[in-house]
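# Summary of structural features
Listed here are the chains, written in short residue letters.
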Amino acid sequence: MAEFASKGVAGTGLGLGIAGTALGLLNGGANALLGGGLSRVANCGGCAGSDAIVNRYEMNLVQEIAAKDARIGLLEADKYTDQKIVEVYKDLAGQIGALNDKIQANRDEQNAINCQQAVYNGTMNSTISCIQGQIAQLQSLTKLVVPNASVCPGWGNVTITPAASTTTPTA
């Protein structure tokens, strides 16, 4: 993710910085530091945007510093981006965990309902089988009566009288 300068690159940067400072001092910077009025910085009065003369070494140093500042900014931006990605990941992981808990709770509830339904279905099947057996037993005990109008239409009403039974008294 984030990259950092190695010790060799840091040592090179430090060496170039020291060399640049030495060249600046040799090129009249010491005079400006000691209060002399002959340096370009003193002639400029420290104002920005003046037409001060800059040699190629100073320009290279400024460009190197700007490149390193840009690199540092990029590394800091990468670090910030990495932190934000970790925060988003943790937030999403928490939300996914909560959803998994809800899904598991729903699954457990549905399993309980399915178990109850299976018991109910088994009870109903056995009850229906028992009732069918009772109906078959009742049908075997009784005779089927067909109405007279269905058997002999037009014959009129039929009256059925029970046979007279004779009873003998017991002595």
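Residues numbered from 1 in each chain as written. Predicted model: local features only at pLDDT ≥ 70, side-chain atom pairs only at ≥ 80, totals over all residues. Heavy atoms only, no water.

## Some thoughts on the overall build of the protein
Looking only at helices and strands, one finds four helices and zero strands in the protein. Counting from the amino terminus, the protein carries its helices and strands in the arrangement α-α-α-α. Counting every position in the protein, which comprises 171 residues, the buried fraction comes to 4%. When the accessible surface of the protein is summed, it comes to about 14,800 Å², and 63% of that surface belongs to carbon and sulfur atoms. (Helix = DSSP H or I, 4+ residues; strand = E, 2+ residues; numbered from the N terminus. Buried < 20%, exposed > 50% of the residue type's maximum accessible area, 1.4 Å probe, protein only. Areas by Shrake-Rupley, 256 points an atom, 1.4 Å probe, with all protein chains shown as cover.)

## Remarks on a nonpolar patch on the surface
A surface patch of nonpolar side chains, amounting to about 270 Å² of accessible area, comprises V54, M59 and V62. Checked against the element boundaries, V54 lands in the loop between α2 (40-44) and α3 (56-141). (Patch = residues over 30% accessible without salt bridge, like charges linked within 9 Å, V, L, I, M, F, W, Y side chains within 5 Å. Salt bridge = Lys/Arg side-chain N within 4 Å of Asp/Glu carboxyl O.)

## Quick word on the confidence of the model for the protein
With 62% of its residues at a pLDDT of at least 70, the protein reaches an overall mean of 78. Across the protein, the secondary-structure element scoring lowest on mean pLDDT is α2, at 46, and the one scoring highest is α3, at 94. Confidence drops under a pLDDT of 50 for residues 37-45, and excluding neighbours within four residues, the segment shows 15 contacts in the predicted structure. (pLDDT = per-residue confidence, 0-100. Contact = heavy atoms within 4.5 Å.)

## Overview of the pattern of salt bridges
This structure, assessed with the given rule, holds one salt bridge. For K84, the salt bridge identified is with E87, shortest N-O distance 3.4 Å. Note that K84 and E87 are positioned in helix α3 at a spacing of three residues, about one turn of the helix. Judged by relative accessible area, which is 36%, K84 ranks as partly exposed. The exposure class assigned to E87 is partly exposed, which follows from its relative accessible area of 46%.

## A closer look at α3
Note that an α-helix has 3.6 residues per turn; residues three or four places apart therefore point the same way. Here α3 spans 124 Å end to end across 86 residues, near enough to the 128 Å set by a 1.5 Å rise per residue. Between the side-chain oxygen of the N-cap and the backbone nitrogen of Y57 there are 3.2 Å, and the N-cap of α3 in question is N55. (Expected span 1.5 Å × (residues − 1). Polar contact = N/O pair within 3.5 Å; in protein donor to acceptor, adjacent residues only side chain to side chain.)

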